[in-house]
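# Reading the structure
What follows is the residue order along each chain.
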Amino acid sequence: MNNLEYKIYIDDVIRRVEKARIKVSAHHIVKIIAVSKYSTSDAINKLYNIGQRAFGENKVQDLKLKSKELEELPLEWHFIGNLQKNKINNLLDIDPTLFHGLDSLKLALELQKKLFTRDMTLDALLQINSANELAKSGVSIDDALNIYEKITQECPNINLRGVMSIGAHSDDETLIKESFIKTHNIYKQLKNADICSMGMSGDFELAIECGSNMVRLGSIMFPKETT
Ligand SMILES: *Cc1c(COP(=O)(O)O)cnc(C)c1O
């Protein structure tokens, strides 16, 4: 794909996002995070050149490398992976725009300690394991509100902005939809939350129709010929 073909291709992805968000409301705005975890800095640069500014990585090491390589560009970096305790300092050195994978009170308390010492704050989303899957991280639907409240009270240096969830791993659209609706229901009950991060390349339209206002798109934003 040359630059023009790539731009036309991305316009089509954006059109699909538009179509889904308009179904919710003309006022429903959806932000696209381009997940670059399988892509090179070169490919990120190409997408930047056609207007994309927010990128996401799921490994602290890759986030560090690519944000360094591309530091001249005015990019927004999102950390969408799970964070191990021994990587907290590395993540905070990068100071990402948003951490999507805050998945326990324990991790929040560890983060709080380090943030306090550094006198910095971090915007984050509570990750919800809405389909209750063993292979996924996140708090359960039943615990979500409680843990959200606890983090808000006990971690003043963490600025919780809302929730994140990965749709149910299934071919059954009803199950995926159900997992999005459950997450969105939690989101609706939160005060002062403004981000509901749900939807990936295979299910973003469904996620948006269920109320997502932030989609994390990897493979569809970086088709094979560009990576
Ligand atoms: C990889 C990843 C994505 C993007 O996946 P695609 O299916 O390629 O769009 C979104 N969210 C998380 C948490 C991921 O790890």
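Preceding this paragraph is the structure being described.
This section reports on the structure supplied with the text. None of these values were measured; they are calculated from a predicted model. Residues take numbers from 1 onward in each chain, read along the sequence in its written order. Where local features are concerned, this predicted model is filtered to residues with pLDDT of at least 70; where side-chain atom pairs are given and counted, the filter is 80 or more; whole-chain, interface and lining totals use all residues. The side-chain values count all of the structure's non-hydrogen atoms but skip hydrogen atoms and water molecules.

## Observations concerning the overall build of the protein chain
Counting from the N terminus, the helices are the DSSP runs of H or I reaching at least four residues and the strands are the DSSP runs of E reaching at least two. For the protein chain, the count of helices and strands is eight helices and eight strands. Here the protein chain has a C-alpha radius of gyration of 17 Å; the compact-globule value for 227 residues is 17 Å, and the two agree. Summarising its shape, the C-alpha atoms of the protein chain cover approximately 50 × 40 × 35 Å along the three principal directions. The buried label applies to any residue whose accessible area, calculated with a 1.4 Å probe on protein chains only, is under 20% of its type's maximum; exposed applies above 50%, and partly exposed to all values in between. Here the protein chain holds 227 residues, and the buried ones make up 50% of them. Throughout, a residue-residue contact means that at least one pair of heavy atoms, one from each residue, lies within 4.5 Å. Within the protein chain, counting contacts between residues at least 6 apart in sequence, those at least 24 apart form 59% of the total. All radius of gyration figures rest on C-alpha atoms, and the globule criterion is 2.2 Å times the number of residues raised to 0.38.

## Side note on the packing of helix 5 (residues 105–118) against helix 6 (residues 141–154)
Fitted lines through C-alpha atoms serve as axes, helices being fitted only where they are in contact, and the angles separating the N-to-C directions of these axes extend from 0 to 180 degrees. Taken N-terminus to C-terminus, the directions of helix 5 and helix 6 make an angle of 15°; their axes are 10 Å apart at the nearest point. When the axis of helix 5 is compared with that of helix 6, the two are roughly parallel. In this structure, the crossing between helix 5 and helix 6 has a hand that is right-handed. Across the interface between the two elements, Leu105, Ala108, Leu109 and Gln112 of helix 5 pack against Ile147, Lys150, Ile151 and Glu154 of helix 6. All residues other than Ala, Val, Leu, Ile, Met, Phe, Trp, Tyr, Cys, Pro, Asp, Glu, Lys and Arg, Gly among them, are scored as polar; the first ten of these are nonpolar and the last four charged. Residues belonging to the contact of helix 5 with helix 6 are distributed by class as follows: five nonpolar, one polar and two charged. If an angle is under 35 degrees, it is roughly parallel; if it is over 145, roughly antiparallel; if it lies from 65 to 115, roughly perpendicular; otherwise it is oblique. Each crossing gets its handedness from the near helix: less than a right angle anticlockwise from the far helix is left-handed, clockwise is right-handed.

## Remarks on the pairing of strand 5 (residues 122–127)
Across the six residues that make up strand 5, a large majority, six, are buried. On strand 5, burial covers both faces: Leu122, Ala124 and Leu126 on one face and Asp123, Leu125 and Gln127 on the other are all buried. Think of it this way: DSSP has to see at least two bridges between two strands before they count as a pair. The sheet contact formed by strand 4 (residues 98–102) and strand 5 spans two bridges and is parallel. Bridge assignment links Phe99 to a residue of strand 5, and that residue is Ala124. A crossover counts as right-handed when, viewed with the strands pointing away from the observer, the path leading from the first strand over the helix to the second turns clockwise. Each parallel crossover has a hand, and the one from strand 4 via helix 5 to strand 5 is right-handed. Examined bridge by bridge, strand 5 and strand 6 (residues 158–165) share six bridges and lie parallel to one another. Each bridged residue has a counterpart across the sheet, and for Gln127 the counterpart in strand 6 is Met164. A crossover links strand 5 with its parallel partner strand 6, the connecting element being helix 6, and its sense is right-handed.

## Some thoughts on the packing of aromatic side chains
Between rings of Phe, Tyr and Trp, where Trp is taken as its six-membered ring, a pair exists when centres lie within 6.5 Å; planes separated by under 30 degrees are stacked, by over 60 edge-to-face, and by other angles tilted. Applying the stated criterion to the full structure yields two aromatic pairs. Taken together, a centroid distance of 6.0 Å and an interplanar angle of 40° make the contact between Phe55 and Trp77 tilted. Placement of Phe55 in strand 2 (residues 54–57) and of Trp77 in strand 3 (residues 76–79) is noted, with a sequence separation of 22 residues between them.

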